[in-house]
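# Descriptive structure summary
The residues making up each chain are set out below.
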Amino acid sequence: MSTTTAAQKASAAYVAQAAIAFGISFVGIGIGIYALPLDVWQRGFLGMSVFFLVTSTFTLAKVVRDQHEAATVHGRIDQARMEKLLAEHDPFNSVA
């Protein structure tokens with residue numbers, strides 16, 4: 001007896017809400033940094049810090065997602081199939 005879980009997809013409204021929230025927050029922090037009474041190099045440092053924070057957040061989210069997918073039964077079965085195919089593959093065997 002095997003149980004399969006259907007992959008849940010996010011609705012279009014959820015994706016749109018997430019994208020809009022990201023855009024608003026990114027623009028908001030940009031306006032906030034611009035409005036601060038700082039020198040240009042200090043604003044640049046804050047801008048680079050925000051950019052690094054955003055990119056590292058995307059990377060962390062991808063790593064967490066990949067770890068979750070690898071832990072599922074379906075992911076482990078696919079990995080086992082791939083390992084079996086790679087183990088049986090002979091790159092020096094010519095196909096006629």
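Definitions and limits used
Residues numbered from 1 in each chain as written. Predicted model: local features only at pLDDT ≥ 70, side-chain atom pairs only at ≥ 80, totals over all residues. Heavy atoms only, no water. Helix = DSSP H or I, 4+ residues; strand = E, 2+ residues; numbered from the N terminus. Buried < 20%, exposed > 50% of the residue type's maximum accessible area, 1.4 Å probe, protein only. Areas by Shrake-Rupley, 256 points an atom, 1.4 Å probe, with all protein chains shown as cover. Patch = residues over 30% accessible without salt bridge, like charges linked within 9 Å, V, L, I, M, F, W, Y side chains within 5 Å. Salt bridge = Lys/Arg side-chain N within 4 Å of Asp/Glu carboxyl O. Phe/Tyr/Trp six-rings, centres within 6.5 Å; stacked < 30°, edge-to-face > 60°. Lys NZ or Arg CZ within 6 Å of the ring centre and 35° of its normal. Axes fitted to C-alpha atoms, helices over the stretch in contact; angles between N-to-C directions. Parallel < 35°, antiparallel > 145°, perpendicular 65-115°, else oblique. Left-handed = near helix turned anticlockwise from the far one by under 90°. Contact = heavy atoms within 4.5 Å. Nonpolar A, V, L, I, M, F, W, Y, C, P; charged D, E, K, R; others polar. pLDDT = per-residue confidence, 0-100.

## Quick word on the overall build of the chain
Secondary structure assignment for the chain yields three helices and zero strands. Written out in order from the N terminus, the α and β elements of the chain read α-α-α. Split into buried and exposed, the 96 residues of the chain put 3% on the buried side. Of the accessible surface of the chain, which amounts to about 8900 Å², a share of 69% is contributed by carbon and sulfur atoms.

## Notes on a nonpolar patch on the surface
A cluster of nonpolar side chains, contributed by F22, F26, I29, F51 and F58, occupies part of the molecular surface with about 500 Å² of accessible area. Looking at the nonpolar patch, the elements that each hand over two or more residues are α1 (12–35) and α2 (40–71). Per element, the largest residue contribution to the nonpolar patch is three residues, and it comes from α1. Position of F51 relative to the elements: it lies in helix α2. Overall, the relative accessible area of 53% leaves F51 in the exposed class.

## A look at the packing of aromatic side chains
Aromatic ring pairs: the centre-centre distance and the angle between the two ring planes describe each pair. Applying the stated criterion to the full structure yields two aromatic pairs. An aromatic cluster of three or more residues is present, and its members are F22, F26 and F58. Note that R43 overlies the ring of Y34, its terminal NZ or CZ placed 5.7 Å from the centroid.

## Points about the packing of α1 against α2
The interhelical angle for the contact between α1 and α2, taken along N-to-C directions, is 160°, at an axis separation of 9 Å. When the interaxial angle is binned, α1 and α2 end up roughly antiparallel. Handedness of the crossing formed by α1 with α2: right-handed. In this structure, α1 uses F22, F26, I29, I33 and Y34 to contact α2, whose residues at the interface are R43, L46, G47, V50, V54 and F58. Of the residues belonging to the contact of α1 with α2, the class tally is nine nonpolar, one polar and one charged.

## Considering the confidence of the model for the chain
Confidence in the prediction of the chain, expressed as mean pLDDT, is 86, and 89% of residues score 70 or more. Across the chain, the element-wise mean pLDDT spans from 81 in helix α3 (residues 73–88) up to 94 in α1.

## Observations regarding the pattern of salt bridges
Applying the stated criterion to the full structure yields two salt bridges. In this structure, D66 and K62 form a salt bridge, with 2.7 Å as the shortest nitrogen-oxygen distance. Within this pair, D66 and its partner K62 are both found in helix α2, separated by four residues, close to a single helical turn. The exposure class of D66 is partly exposed, given its relative accessible area of 29%. Given a relative accessible area of 45%, K62 falls into the partly exposed group. We note a salt bridge from D66 to R65, for which the minimum N-O separation is 3.0 Å.

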